[in-house]
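Letter by letter, the chains look like this.
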Amino acid sequence: MGKCGVFTRFEAESAEAFVACMPGWNAYLYEKIVFAQWRYRVEERCMMWLEAKRVRFRYHKKQEWVLRDFDFGVEQGECVGLIAPSGYGKTTLAMLLAGYLVPSEGEILLDGKPLPQKGVCPVQLICQHPERAINPRWRLRKVLAESGQIQEDLLVSLGIEQEWMERFARELSGGELQRFCVARALMSNPSFLICDEISTMLDVITQAQIWNRICDKAEARNMGVVVITHNLALAEQICSRVFDMTCA
Ligand SMILES: Nc1ncnc2c1ncn2[C@@H]1O[C@H](COP(=O)(O)OP(=O)(O)O)[C@@H](O)[C@H]1O
Ligand SMILES: [Mg+2]
């Protein structure tokens, strides 16, 4: 077993050469090799990185594993698409990466260390259903204030109107509320942002506006972004690589 827990660099390189010569090579093995090589590259370049390392997770003891020996990583400044059919564990992985769930086995590591237990998490998650992510009893000004200093320019760039700040979540549309979730996540200046099907229920104009802001901020702050989506066209447009969970 190598330093990264999957392969040593030599093993990874020779395995890739081996797999390349095999007719009908194994996609699972190939994904493991690609991951091992990615891992060495980020370590060599001293980039910040977030990874799920040999993660196993299930919600109940009698349940099948949702994720089994799962490896995934994203580095600073990178935008990775994550695709898989429904029920494959995308949301589960998103919650593990952001520290909302703890793996049954394996580790979630930020720069090789566990996620910090105190303070605002440097990995922020934006969920598919904004109404479930916002306290319904709080006015939106209070919701935002909880994440730090309100950045007026960010609110303007996301098309958030001042008047909405005094409303409750139920008094806004899904698209308007999702803008608040994006603003809240970006306001804490995260190192990594996990977007779990955040634009599925939005109209095309709102989708474009939100993704433009996220991409601008990610570039300006050198953030790592994971884009979980069913929309392969979106993933191919904004991501530098796309990870298919069905091969992992
Ligand atoms: N809270 C939960 N309790 C039990 N099983 C769950 C829970 N949440 C999700 N699951 C199960 O875990 C599997 C993966 O779900 P999920 O991560 O939501 O997949 P995806 O986001 O890819 O659609 C599914 O089989 C789902 O039924
Ligand atoms: Mg999901």
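Predicted model, so just to flag it, every value in this text is computed and none were measured.

1. Comments concerning the confidence of the model for the chain
Next up, step 1: Per-residue pLDDT for the chain has a mean of 87; in total, 86% of the residues score no lower than 70.
Next up, step 2: The low-confidence segment residues 1-7 (pLDDT under 50) makes 17 contacts with residues lying over four places distant or belonging to another chain.

2. Re the sheet that holds strand β2 (residues 67-75)
Next up, step 1: Pairing within the open sheet is antiparallel, and its four strands lie in the order β2-β1-β4-β5. Edge positions in the open sheet fall to β2 and β5 (113-114), since each of these has one partner strand only.
Next up, step 2: Here strand β4 (residues 105-110) runs beside β5; their pairing, made up of two bridges, is antiparallel. From the neighbouring strand, L109 faces β5, where its bridge partner is P114.
Next up, step 3: Helix-sheet contacts for helix α3 (residues 90-97) involve β1 (49-57), β2 and β4, and the interaxial angle to β1 is about 125°.

3. Describing α3
An α-helix turns once every 3.6 residues. As a result, residues three or four positions apart point the same way.
Next up, step 1: The element α3 is largely enclosed, with a buried count of seven among its eight residues.
Next up, step 2: Buried residues of α3: K90, T91, T92, L93, A94, L96 and L97, and no others.
Next up, step 3: One or two steps after α3, the chain reaches G99, where phi turns positive at roughly 85°.

4. Digging into unusual backbone geometry
Next up, step 1: The backbone of R54 shows a phi angle near 45°, a positive value even though the residue is not glycine.
Next up, step 2: Its place among the elements puts R54 in strand β1.

5. What to know about the sheet that holds strand β9 (residues 241-244)
Next up, step 1: With parallel pairing, five strands are arranged side by side in an open sheet as β6-β7-β8-β3-β9. With one partner strand each, in any of the chains shown, β6 (123-126) and β9 form the two edges of the open sheet. Taken over all neighbouring pairs, the strand axes of this sheet differ in orientation by 20° on average, direction set aside.
Next up, step 2: As defined by bridge partners, β6 adjoins strand β7 (residues 192-196) across four bridges and the pair is classed as parallel. Of the residues in β7, the one forming a bridge with L125 is I194.

Conventions we followed
- Residues numbered from 1 in each chain as written.
- Chains lettered and ligands numbered in written order.
- Predicted model: local features only at pLDDT ≥ 70, side-chain atom pairs only at ≥ 80, totals over all residues.
- pLDDT = per-residue confidence, 0-100.
- Contact = placed C-beta atoms within 7 Å.
- Pairing = 2+ DSSP bridges.
- Helix = DSSP H or I, 4+ residues; strand = E, 2+ residues; numbered from the N terminus.
- Axes fitted to C-alpha atoms, helices over the stretch in contact; angles between N-to-C directions.
- Buried ≥ 20, exposed ≤ 12 C-beta atoms within 10 Å, placed from the backbone.

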